[in-house]
Amino acid sequence: MILQNFLTLLLVLPFVGSIAAALLPTSRNAEALLAGSVAVAGLLVTIALYPVVANGGIARYDIAWLPSFGLRLTIRVDGLAWLFLILLNGIGLLVFLYARYYLSPKEPAARLFAWLLAFMGAMGGILLSGNLVMLVVFWEMTSVFSFMLIGYWHRRPAARDGARMALVVTAFGGLSLLAAVLLIGAIVGSYDLDQVLASGDVLRAHPLYVPILILVLLGAFTKSAQVPFHFWLPNAMAAPTPVSSFLHSATLVKAGVFLLIRVSPALGGTQEWFTIVSAAGLLTLLLGAFFALFQHDLKGLLAYSTVSHLGLITALIGMDTPLAIVAAIFHTVNHAIFKASLFMAAGIVDHEAGTRDMRRLGGLWRAMPETATLAIVASAAMAGVPLLNGFISKEMFFAQAAETYDSSLLDRSMTWVALIAAILSVAYSIRFVHSVFFGAPATDLPKEPHEPPFLMRLPVGVLVVTCLLVGILPGVTIAPALHTAALSVLGPDVPYYSLAIWHGFNLPLAMSIAALIGGLILYRLLATRITTAPEGPPILRELEGQRIFERLLVNVSWIWARRAFKLLGTERLQTQLRILVLVALGAAAWMLWGAEHLKPIGPRNFDPLFTVVWAVGAACAITAAWQAKYHRFAALLLVGGAGLMTCVSFVWLSAPDLAVTQLLVEIVTTVLLLLGLRWLPKRREEIAADRGLLARARRGRDLVIASACGLGIAGIAYAVMTTPPNRGTADWFLQHAYVEGGGTNVVNVILVDFRGFDTFGEITVLGIVALTIFALLRRFRPAQESSDRPEQQLRQDASDTEREDRNVGDTLRDYLAVPSVIIRWMFPAIITLSIYLFLRGHDLPGGGFAAGITLAIAFLLQYLGSNVREVEDRLRILPLRWIGLGLIVAALTGIGSWLFGYPFLTSYAQYVEFPWIGKVPFASALLFDIGVYLLVVGATVLILVAIAHQSLRAQRAAESEEEG
Amino acid sequence: MEAVLAIAIGILVASGVWLLLRPRTFQVIIGLALLSYGVNLFIFAMGRPRTGAPPVLDKAGIVDTSLYADPVPQALVLTAIVISFATTALFLVVMIALRGLTGTDHVDGKEPDR
């Protein structure tokens, strides 16, 4: 149990710390203290785990997450993860201390520390993952947090560009990795790391081995900045130095090599692995070192040097001998230690001297002797000087490079590539030290350089002392941990190796000496030329991965996208709708083309009266389509006619519920459209262009499309109607409606009981639509030319002025005088009808929808019959409250069934005896129907009133203008 | 009767689709109304509607369910009627707002360049 708690703590603590850091007030001390405590806790917990993993053991904690999908949260620590965890927490601790002094008091410390801690959590997650899916998730998280950290100074364009570039490249790699993981999971049958590692033979023999390998390598190479994906790392140097030191030298970029070491037992050991991985590694090693020598920016030099060292580690992993793996792990640790300290030293120089340009710096030895000493020792470790940690792992690399593998060109060139890269590495290390700390003292620095505070130097000192300890006493310091890590990767066949400084005079030692001397000479020869030349290496200066990337990005996201849109897209609604209709038509035709012909059976009756009904209906529909452009009012009436015929059909064919609802909706829709007509432009004259040949051709084409749609749907409808029904569902509802739903109107019982949840969704949609309309119309400005008073009113006023016995406005007031009285008297009658329709709904045609719309019509008539202002003085309708109340009632009815231990919206039916009235059906569905009723009233009234008010608004605006 | 209903559905849908492809907002809104009649009748037709089939149950109990009208398409259409009302209303308001904003009732918000 303690073990499990420890593992959970390791995973969760940094994230908790991150949230806490984000919430703390911005104070550098508090933030650093918090972050430091998290790191110390992580370090202590990790150390406490050592006995478990020491002899090849694995600490595991399985949490079932989605067991049915084989997804588990598996926290797993073995020797390799343990070593990386120590690095992560240890360097994290030092970086937090350093960052405390690096940040100026004005900068937001909370943001930096929160993201740093979040990154630490994500990186820890990669190390702790015992499940590949989980690993990918944390992998992508590190990309995101790295993005946030590189972009910390988000006002600088370089920071934004660098952050975006790093995110695009590494997230692309993450997606490849995800694809690889899914393939691996499909082949192995599990995402569990231990099972995958044990299935190496299956994976290597599988035909998909090469695609998987390439996808995994894309993930690892982008993260670990291997050529040709290296360019994001130098651009990431726009980040604050603590970030560069932590993420871009010690941890994040090591995730790639960690992954390669991790999966090497499962995917390694093949010719493809050797060729691709070591070739990429060697190329990166060489190019990185070459580029590094020609940088003028301190951090640029270190970034390319990091690229180069990552290449070295990758090359070692590619060789894939047990000794090479040991060397790879060892060099990963060494590099993290000396490179983190070098970044911190570079940050101190930048901080105290105000520039990182090596051409301007010089002679800082006098101003900051202690920092200089530390930086010199660390650079020596980077160059591979004996008695320092870099020396030992580099020797191991030389020894491995000199080995013979498959005698290919790659194999034979390895030794030379290693030697040349080592010479370059010595040269740039010397350049780093020489140009900053020696030579003529700089005179035009932005700041007067001096030693930084002791605590800012302390982290550098700790790391440099570690370099020395590992370098001088490897057997005591690093050997046990390294052995544990190697044991966890290689299993019992860890080879014999000795971590000694002196192995006698052999080839690696000769190579080291040659590299040191060669590097010194190279720097002497090139020093002046480098300083005077522009930044970047000769010959390859023009060929920048960064520019290729930018060009590609612009092409894909802008130029190609625009071209594709021009080619395939359209902004025209008509074209879009035409495509939509054609696709629907095509899909239906494709599905039904080869279908077995339906055999019409059963009685087909012919009813002359029904035929007359639809002769009228069809005439209405066609004329409406014909006249909709120039004679809107006529078209509107004709649509009403078609609607009435639909309504008649419903009555005819035994669907009274539909007929009632259709009729009521018809009324409301017509009124709505009538209200809308006022806001459309006048159109009486014929448009000349409409008579053109092109317009005729367009209409002809649309006519063909429309006819095809009509024919198709008529054919389907006829075919279905003349075949025997499949009434399974219908019978079930008919049998259960009364017994279980307590109502004889089956349609209503389906709506409010069996499919109550659907209806709940539907009324929610209705409410949303009403609110949307309300909101849209509040912002809307009616068209200027339509805002004037209608012609009819003007004419009425004119006649008033002419006649002596009348005042202006009299005719308007008397207009519709008789109907308005009738309407006023009908108000209570319609309300009663509405309640009647509602109450009988469960047993007879009617129900919440129909009743709601009826009540809305009652309100609507008041608006139609008299002056809007008068109506609103007498009647206060609050449609928004109706909508809210309706939703609440419906939801509470549903929730009520929870109280009795039933699922949402389970209904209960009973007859209740009322005095005078008699037995009344009472079902909980009735309550739900009340909700429907209220909402329908509210929504319909809200929509109508919102539109009706537009003319009032225009009028008010005009009045206020007159007054003003 | 089946043939008449099928033809009616066809004509409603054809008129609706034709209007849907027209350039003026009002034409499209009328088209949507016609199309929704057609589609509602089509869904309704899937239940093989008949004349004189009782839609409401007898409280005495069920004798033969096949005598009754199919309630499932009816329930679907009832929902569809209400939703198409909402769509029409929303479209109408967008139409009005578009006209106020752009000064034209063309569906693209600008007169086509001819």
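Please read all numbers here as calculations on a predicted model, not as lab measurements. (Residues numbered from 1 in each chain as written. Chains lettered and ligands numbered in written order. Predicted model: local features only at pLDDT ≥ 70, side-chain atom pairs only at ≥ 80, totals over all residues. Heavy atoms only, no water.)

A separate point is the nonpolar core. One broad trend across soluble globular proteins is that nonpolar side chains are buried collectively. A:Val77, A:Trp232 and A:Phe397 are the most contacted members of the largest nonpolar core, which totals 207 residues. Not counting residues up to four positions away in its chain, the partners in contact with A:Val77 are A:Leu7, A:Leu49, A:Val53, A:Gly57, A:Ile58, A:Ala59, A:Trp82, A:Leu85 and A:Leu128. By size, the runner-up hydrophobic cluster in this structure holds 117 residues, among which are A:Met721, A:Phe849, B:Val13 and B:Tyr68. (Core = buried A, V, L, I, M, F, W, Y, C linked by side-chain atoms within 4.5 Å. Buried < 20%, exposed > 50% of the residue type's maximum accessible area, 1.4 Å probe, protein only. Contact = heavy atoms within 4.5 Å.)

All names here are of chain A. For the structure shown, the criterion picks out 24 aromatic pairs over all chains. The interplanar angle of 85 degrees and the centroid separation of 5.6 Å between the aromatic rings of Phe119 and Phe246 together place this pair among those described as edge-to-face. In this pair, Phe119 sits in helix α4 (residues 109-128) while Phe246 sits in helix α11 (residues 241-250), placing the two residues 127 residues apart along the sequence. By the burial criterion, Phe119 is buried, and Phe246 matches it. Taking the centre distance of 5.8 Å and the plane angle of 55 degrees together, the rings of Phe827 and Phe859 count as tilted. With Phe827 in helix α34 (residues 817-840) and Phe859 in helix α35 (residues 848-865), the pair connects residues that are 32 residues apart, well separated along the chain. By relative accessible area, which is 16% here, Phe827 ends up buried. Taken together, the ring pairs in this structure connect Phe96, Phe113, Phe119 and Phe246 into an aromatic cluster. Positioned over the ring face of Trp153 is Arg156, at 4.2 Å from the centre of the ring. (Phe/Tyr/Trp six-rings, centres within 6.5 Å; stacked < 30°, edge-to-face > 60°. Helix = DSSP H or I, 4+ residues; strand = E, 2+ residues; numbered from the N terminus. Lys NZ or Arg CZ within 6 Å of the ring centre and 35° of its normal.)

Residue and element names in this part refer to chain B. Feature annotation in UniProt assigns "transmembrane region" (unreviewed entry) to the following positions: residues 6-21, 28-47 and 75-98. In residues 6-21, helix accounts for 94% and strand for 0%; the two terminal C-alpha atoms are 23 Å from one another. For the annotated span residues 75-98, helix accounts for 100% and strand for 0% of the residues, and the straight-line distance between the end C-alpha atoms is 35 Å. (UniProt positions renumbered as here; feature names shortened; annotations may be inferred.)

Now for the side chain of A:Ser129. Residues and elements named next belong to chain A. As for its placement among the helices and strands, Ser129 is situated in the loop between α4 and α5 (132-150). A distance of 3.4 Å separates a polar side-chain atom of Ser129 from the backbone nitrogen of Leu135. Excluding its chain neighbours within four sequence positions, the residues that come into contact with Ser129 are Thr74, Arg76, Met134, Leu135, Phe138 and Leu193. (Polar contact = N/O pair within 3.5 Å; in protein donor to acceptor, adjacent residues only side chain to side chain.)

On to the interface of chain B and chain A, then. On the side of chain A, 112 residues touch chain B, which itself brings 81 residues to the contact. Taken together, the connections running from chain B to chain A amount to two salt bridges. Between A:Arg632 and B:Asp105 there is a salt bridge; the shortest N-O distance is 3.4 Å. Remark: the boundary between chain B and chain A carries 13 residue pairs in polar contact (both at pLDDT 80 or more). For the side of chain B that touches chain A, the secondary structure elements donating two or more residues are α1 (2-20), α2 (25-45) and α3 (71-102) of chain B. Take the side of chain B that touches chain A: its biggest share by element is 23 residues, from α3(B). Grouping the amino acids of the side of chain B that touches chain A by side-chain chemistry returns 56 nonpolar, 13 polar and twelve charged. (Salt bridge = Lys/Arg side-chain N within 4 Å of Asp/Glu carboxyl O. Nonpolar A, V, L, I, M, F, W, Y, C, P; charged D, E, K, R; others polar.)

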